[in-house]
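Descriptive structure summary
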Amino acid sequence: MIDFHCHLDLYPDPGSVLTRLARERVYVLAVTTTPMAWNGTRQLVGDTPRVRVALGLHPQVVAERYAEIDLLCSLIPETRYVGEIGLDGSEDYTASFGVQQQVLAKALTACATNGGRIISLHSRRAAREVLDAIETHPGCGTPVLHWFSGSITELHRAIELGCWFSVGPTMLQSERGSRLAAAMPRERLLTETDGPFTKTRSGPLMPWDVNEAERELAKLWGCSQKTVDGTLTENLRRLVSVGEATSV
Ligand code: MN
């Protein structure tokens, strides 16, 4: 199982989450919302097998934290994974949209300067602008669009641009989300939870809840969950090996 976008450091008890992750052999990309959390999260994860940490600056905190882009850029040589970065065009964040675009451009430039990175990107209500940014920063690496919610036309543009996608249980339970997921190339797909931000009645989604997403994908693809898991694991292996050629 793979959770390629979760906020491990924001769970109330990350230590116990890590213990279970190790036991259940889940592959995890622990994204961060600010570069200030980078070192702490790396220490937290330690040498837990299969768990990697991404360096991020979330678009929803850019209004207050835009100055931290310099710290993010200075830390990029230390990581293979960048995220969560991106743009949020929803109402609460329109005031900072221009700054968000500047911050994203700087981050993608730094990724390109350092030979490319694997990048987990937020694009809520801003699919077009995120794709524009990817297009104008060739060499930034491999963008993985997390919880993509653009139009089908934008999805096709993202595929053309070489993007990958990570999809979660909540997205796959909606009709629109599952229609998008069905149109995503199977060989460029990963699962995610976006926990603990994503909640169900029984509490925040946990990384092993990607099990739900695998089950939904099995329905969409008309195959067994085991086949889905095999495909996703193969995808992750390929994604990471692509990064190896150019990255730290
Ligand atoms: Mn997130």
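Everything below is about the structure shown above.
The text that follows walks through the structure, step by step, so that each part is easy to find. (Residues numbered from 1 in each chain as written. Predicted model: local features only at pLDDT ≥ 70, side-chain atom pairs only at ≥ 80, totals over all residues. Heavy atoms only, no water.)

1. Some points on the pattern of salt bridges
For the coordinates displayed, the defined rule picks out 11 salt bridges. Ionic pairing is found between Arg20 and Glu24, a salt bridge with its closest N-O pair at 2.6 Å. Taken together, the residues Arg20 and Glu24, both in helix H1 (residues 14-24) and 4 residues apart, mark about one turn of the helix. Residue Arg20 is classed as partly exposed on the basis of its relative accessible area, which comes to 29%. What makes Glu24 partly exposed here is its relative accessible area of 32%. Residues joined by salt bridges that share partners form a network here, namely Asp132, Glu135 and Arg157. (Salt bridge = Lys/Arg side-chain N within 4 Å of Asp/Glu carboxyl O. Helix = DSSP H or I, 4+ residues; strand = E, 2+ residues; numbered from the N terminus. Buried < 20%, exposed > 50% of the residue type's maximum accessible area, 1.4 Å probe, protein only.)

2. Regarding the side chain of Thr142
Among the secondary structure elements, Thr142 is positioned in strand S6 (residues 141-146). A relative accessible area of 14% places Thr142 in the buried class. Setting aside anything within four residues of it in sequence, one finds Thr142 in contact with Arg117, Ile118, Ile119, Trp164, Leu239 and Val242. (Contact = heavy atoms within 4.5 Å.)

3. Details of unusual backbone geometry
Here Gly83 and Glu84 are connected by a cis peptide whose omega angle stands at 10 degrees. Turning to its location among the elements, Glu84 is positioned in strand S4 (residues 81-86). The omega torsion across Gly195 and Pro196 is -5 degrees, close enough to zero to call that bond cis. Here Pro196 lies in the loop between strand S8 (189-191) and strand S9 (199-200). Despite not being glycine, Arg50 shows a phi value in the positive range, around 70 degrees.

4. Details of the nonpolar core
If you look at the biggest cluster of nonpolar residues, it comprises 76 residues, and the most contacted ones within it are Phe4, Leu8, Leu21, Ile85, Leu145, Phe165 and Met184. Ranked by residue count, the leading element in this core is helix H5 (residues 97-113), at 7 residues. Setting aside its immediate chain neighbours within four residues, Leu145 contacts Leu121, Val130, Leu131, Ile134, Ala158, Cys163, Trp164, Phe165 and Ser166. (Core = buried A, V, L, I, M, F, W, Y, C linked by side-chain atoms within 4.5 Å.)

None of the figures reported here should be taken as evidence of function without further support.
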